[in-house]
Amino acid sequence: MALVPTMPTFKMRNGLELCRIINGMWQVSGAHGKIDPMKAQLEMNTYVQNGFTSFDMADIYGPAEEIFGNFIKSFEANKDLVQSMTKLVQVPNDISMALIRNQVVKSMSRMWVGRLDCLQLHWWDYTDKRYLDTLICLSQLQSEGLIRELSLTNFDTKRLAEITGAGVLISSNQVQYSLVDSRPRRMMKQFCEANGIKLVVYGTLCGGLLTDNYLKKHEPRGPNLHTASLVKYKRIIDDWGGWSLFQQLLQVLRTIADRYSVSIANIAIRSVLDDPVVGGVIVGCRLGRSQHIEDNYRSISKSWSLDEEDWAKINQVLAKSNDLLEKIGDCGSEYRAKGTF
């Protein structure tokens, strides 16, 4: 049997250890093509057997929690080897301890766990200040042992500071972070480092656009943007500087990748993982349809690392791009209407 490389991990505030590359399950929501649940469970086993034992999902990702739960049932003897992060997005209209407890227990039931390893709250509208009430309820459930790590997803720095100031201990904030979208470096990073909060990041490969697959390719439009990820991140690239500049970035990354005999995706992931505030990078898994296990391992290999010369080449391109913090707003602003942040 071939030896499985060691997957580096990071530790959250309350001791949960997660892989530095986390398997993202947004791709089973239905917005990335049809998924066979049985094939997905078998594929999850392949990931776990190869050391990729951490999964990220949400209550709104279609059958993601159920697929994870069915996998855990079949993996019963070794379920402690697997870690999970889910999100509370479907918050009831009326906030009460009983209703919030019910939502948490629903996720626990679907995921077949006695405690949520990590629950991340998402909130659509900052003018609705009840996110503080919700987090106080979740903190109480955490003290009861239903939640190990209490985290956020797509909260901005201002709200993160407000929540921390209210005495809620946050373990991580999940935000978009890539060579194209480096907004977390501008405001979020400093606050998180000062308060012991890790960033768990997504969008690092821009939905697959920031890979060798799109090097020297015509600008994708319409039906060529055939998944929700491609549509979303193409818009980000347009705001950032457009397809021509993006091709310049891909060319530079390919030159650097050649130096280390790795892929553009490896360079993109490593560039973000090397930021000390980043705990892990979420890489989407189209379970049962495609996998990139071997390539993902190269992203965390100790046999290579980006040096000052590499960063100088990258930064020459990035200097030509638009300021996304100014254009979009702080982390998570892309999910909220103008005027609410």
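This text goes with the structure placed above it.
Not measured: the values here are computed from a predicted model.

Peer 1: For this particular structure, what's the right way to read the overall build of the chain?
Peer 2: Scanning the chain for helices and strands turns up 12 helices and 10 strands. Taking 20 Å as the expected radius of gyration for a compact globule of 341 residues, we find that the chain reaches 19 Å, a close match to that expectation. With respect to the three principal axes, the spread of C-alpha positions in the chain is 55 × 55 × 40 Å. Out of the 341 residues in the chain, the part that is buried amounts to 55%.

Peer 1: Explain helix α5 (residues 157–165) to me, please; I cannot follow it from the model alone.
Peer 2: Think of an α-helix as 3.6 residues a turn; residues three or four steps apart then line up on the same face. For α5, the set of buried residues is Thr157, Arg159, Leu160 and Ile163. Along α5, the residues classed as buried sweep out an arc of 160° about the axis, all on the same side. In α5, the exposed positions that point more than 90 degrees away from the buried face belong to Lys158 and Gly165.

Peer 1: Is there a simple way to explain the pattern of salt bridges in this structure?
Peer 2: Pairs may arise between side chains of opposite charge once their charged atoms sit close together. What the rule picks out here adds up to 23 salt bridges. The shortest N-O distance in the salt bridge between Asp181 and Arg183 comes to 2.7 Å. In this structure, Asp274 engages Arg270 in a salt bridge whose closest nitrogen and oxygen atoms are separated by 3.5 Å. Taken together, the shared-partner salt bridges connect Arg259, Asp307, Glu309, Asp310 and Lys313 into one network.

Peer 1: I keep staring at the state of the cysteines and nothing clicks. Help me out?
Peer 2: Here a disulfide denotes one covalent bond, and it connects the sulfur atoms of two cysteines. Scanning the entire structure with this criterion turns up 0 disulfides. This cysteine, Cys19, is not joined by any disulfide, and Cys285 carries the nearest cysteine sulfur, 11 Å off. Looking at Cys19, the relative accessible area reads 2%, which means it is buried. For the unlinked cysteine Cys331, the closest cysteine sulfur is that of Cys192, found at 8.4 Å.

Peer 1: Help me understand the packing of aromatic side chains, please; the structure alone is not making it clear to me.
Peer 2: The description of an aromatic ring pair rests on the distance of the ring centres and on the angle between the ring planes. Within the structure shown, the criterion is met by 12 aromatic pairs. With a centroid separation of 6.4 Å and 55° between ring planes, the pair formed by Phe55 and Phe71 is classed as tilted. With Phe55 in strand β4 (residues 54–56) and Phe71 in helix α2 (residues 64–74), this residue pair connects regions lying 16 residues apart in the sequence. With a centroid separation of 6.1 Å and 75° between ring planes, the pair formed by Trp123 and Tyr131 is classed as edge-to-face.

Peer 1: It is not clear to me how the nonpolar core should be interpreted in this structure. Could you clarify?
Peer 2: One broad trend across soluble globular proteins is that nonpolar side chains are buried collectively. Formed by 116 residues in total, the largest nonpolar core has its most connected members in Leu121, Leu138 and Leu249. Leave out the neighbours within four places in its chain, and Leu121 touches Leu88, Val91, Tyr131, Thr134, Leu135, Leu138, Ser151, Leu152, Thr153 and Phe155.

Peer 1: Please explain the sheet that holds β4 as it appears in this structure.
Peer 2: By way of backbone hydrogen bonds, the strands of a sheet pair with one another, either parallel or antiparallel. Judged by pairing direction, the barrel is parallel, and its 8 strands sit side by side in the order β3-β4-β5-β6-β7-β8-β9-β10 before closing back on the first. Adjacent strand axes in the sheet meet at a mean angle of 30° when their direction is disregarded. Both strand β3 (residues 21–24) and strand β10 (residues 278–284) contribute to a ladder of 4 bridges, which runs parallel. Following the sheet pairing, Ile21 is matched in β10 by Val281. Of the strands in this sheet, β5 (83–88), β6 (116–121) and β7 (147–153) touch helix α3 (residues 97–111), which is tilted by about 130° from β6.

Peer 1: Help me understand the packing of helix α7 (residues 228–240) against helix α8 (residues 243–260) in this model?
Peer 2: When two helices pack together, their arrangement is given by the angle between the helix axes and by the axis-to-axis distance. The interhelical angle for the contact between α7 and α8, taken along N-to-C directions, is 95°, at an axis separation of 8 Å. Between α7 and α8, the crossing angle belongs to the class labelled roughly perpendicular. Residue-level inspection shows Lys234, Ile237 and Trp240 of α7 in contact with α8, the latter providing Trp243, Leu245, Phe246 and Leu249. Classifying every residue of the contact of α7 with α8 by side-chain character gives 6 nonpolar, no polar and 1 charged.

Peer 1: Could you clarify how one ought to interpret unusual backbone geometry in this entry?
Peer 2: Most of the time, phi is negative for any residue but glycine, and the peptide bond is trans. Not every positive phi belongs to a glycine, and Cys206 is a case in point at roughly 50°. Looking at where Cys206 falls in the secondary structure, it is placed in the loop between β9 (198–202) and α7. Judged by relative accessible area, Cys206 falls into the buried class, the value being 1%.

Peer 1: Explanation requested: the packing of α8 against helix α11 (residues 308–318) in the structure shown.
Peer 2: Taken N-terminus to C-terminus, the directions of α8 and α11 make an angle of 170°; their axes are 9 Å apart at the nearest point. Classified by the interaxial angle, the pair formed by α8 and α11 is roughly antiparallel. The segment α8 lies against α11, with Leu245, Gln248, Leu249, Val252, Leu253, Thr255, Ile256, Arg259 and Tyr260 engaging Glu309, Asp310, Lys313, Ile314, Val317 and Leu318. Counted by class, the contact of α8 with α11 contains 9 nonpolar, 2 polar and 4 charged residues.

Rules used throughout
- Residues numbered from 1 in each chain as written.
- Predicted model: local features only at pLDDT ≥ 70, side-chain atom pairs only at ≥ 80, totals over all residues.
- Heavy atoms only, no water.
- Helix = DSSP H or I, 4+ residues; strand = E, 2+ residues; numbered from the N terminus.
- Rg over C-alpha atoms; globule rule 2.2 N^0.38 Å.
- Buried < 20%, exposed > 50% of the residue type's maximum accessible area, 1.4 Å probe, protein only.
- Arc of directions from axis to C-beta.
- Salt bridge = Lys/Arg side-chain N within 4 Å of Asp/Glu carboxyl O.
- Disulfide = S-S within 2.5 Å.
- Phe/Tyr/Trp six-rings, centres within 6.5 Å; stacked < 30°, edge-to-face > 60°.
- Core = buried A, V, L, I, M, F, W, Y, C linked by side-chain atoms within 4.5 Å.
- Contact = heavy atoms within 4.5 Å.
- Pairing = 2+ DSSP bridges.
- Axes fitted to C-alpha atoms, helices over the stretch in contact; angles between N-to-C directions.
- Parallel < 35°, antiparallel > 145°, perpendicular 65-115°, else oblique.
- Nonpolar A, V, L, I, M, F, W, Y, C, P; charged D, E, K, R; others polar.

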